[in-house]
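This is what each chain is made of:
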Amino acid sequence: METSNKKWAVILIGPPGSGKDTQAELLARELKFVEIKSSKIIEDKLKSADPNDAVMNREKELFYSGQLNTREIVDAWITERIEEVGKSGVGLIGNGWPREVGEVGTQMATVDTYYPKDSVKVVSITLSEGESVKRNSKRRVCEKNGHPIFDTKENEGIAVCPQDGSAIILRVDDAPETIKKRYQVYITQTQPVIDLLSKRGYNLITINGEQPIESVHRDILDKLW
Ligand SMILES: [Zn+2]
């Protein structure tokens, strides 16, 4: 594909369990784009925060209970990163933002600064609540880096992470009630973002997330260009 040297911005949006993280990684690797992942940015900021910082402690509470972080704070962190990547002149994979309608303005304005509108692709990956709960309930990750270990044939008998050799554990925060809450947060707060971006004239691509990982990946690539 000769498109990899082009400057595209691909914005992935999907509920918990939609495989968005894996798809973002696959696309970033294949197209040689840089991924901007909101949860990673937030986690890094929270981890390096001063434990006596009351504002950051509140953000930690929100993040680890499955709620959205304060809009203005996340907005600033994401925008800063979009600028870095945009200035460097490479393609961008957006993962996990904008998370709510209120973030669209500043975040997409920053994207627009570096990527012409016809090179911005909004990819909506759909998944039902039932499937989201099912997938997240049995989600395994590696202990060292949190790499997701999916229920695929090739992962059936493995005991350690194929990427770094660390132990495989069950994610502790994935109780069904927490997953349902995250899904509902997505429906009420994030899904309206898709309609808004479409109304503003961005290319919208809808992908059925209830397919195997490889099929979703192929579907995205087929529909992107
Ligand atoms: Zn790993």
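Bear in mind that the values here come from a model prediction, so they are computed numbers and not experimental data. (Residues numbered from 1 in each chain as written. Predicted model: local features only at pLDDT ≥ 70, side-chain atom pairs only at ≥ 80, totals over all residues. Heavy atoms only, no water.)

A. The arrangement of the packing of aromatic side chains in detail. Counted under the stated rule, the structure contains 1 aromatic pair. Ring plane angle 90° and centroid distance 5.0 Å describe the contact between F63 and Y64, whose orientation is recorded as edge-to-face. Using a relative accessible area of 17% as the deciding quantity, one classes F63 as buried. The exposure class assigned to Y64 is partly exposed, which follows from its relative accessible area of 47%. The ring of Y115 is capped by K7, whose NZ or CZ atom sits 4.9 Å from the centre of that ring. Directly above the ring of Y202 sits K117, whose terminal nitrogen or CZ lies 4.6 Å from the centroid. (Phe/Tyr/Trp six-rings, centres within 6.5 Å; stacked < 30°, edge-to-face > 60°. Buried < 20%, exposed > 50% of the residue type's maximum accessible area, 1.4 Å probe, protein only. Lys NZ or Arg CZ within 6 Å of the ring centre and 35° of its normal.)

B. Quick look at the coordination of the zinc ion. On the protein side, the zinc ion has C142 (SG), H147 (ND1), C161 (SG) and D164 (OD) as donor atoms, found 2.1 to 2.3 Å from it. Around the zinc ion, the 4 donor atoms sit at angles spanning 94 to 121°, and that spread fits a shape best called tetrahedral. Along the chain, the residues donating to the zinc ion are arranged with the sequence spacing C-x4-H-x13-C-x2-D. Separated by 14 residues along the polypeptide, H147 in the loop between β5 (140–142) and β6 (148–149) and C161 in the loop between β6 and β7 (168–170) bring together distant segments of the chain. The same class applies to H147 as to C161, namely buried. (Donors = N, O, S within 2.8 Å, 3.2 Å for Na, K, Ca; no water. Tetrahedral: all angles 85-135°; square planar, octahedral: opposite > 155°, others 65-115°. Helix = DSSP H or I, 4+ residues; strand = E, 2+ residues; numbered from the N terminus.)

C. Representation of the pattern of salt bridges within the structure. Counting across every chain of the model gives 9 salt bridges. When the shortest N-O distance is used, the salt bridge between K134 and E131 registers 3.9 Å. Of the two residues, K134 and E131 both sit in helix α6 (residues 129–137), 3 residues apart, roughly one turn of that helix. Judged by its relative accessible area of 48%, K134 is partly exposed. Linking R135 and E131 is a salt bridge whose minimum nitrogen-to-oxygen distance equals 3.2 Å. In this pair, R135 and E131 both sit in helix α6, 4 residues apart, roughly one turn of the helix. Sharing partners across several salt bridges, the network here consists of E131, K134 and R135. (Salt bridge = Lys/Arg side-chain N within 4 Å of Asp/Glu carboxyl O.)

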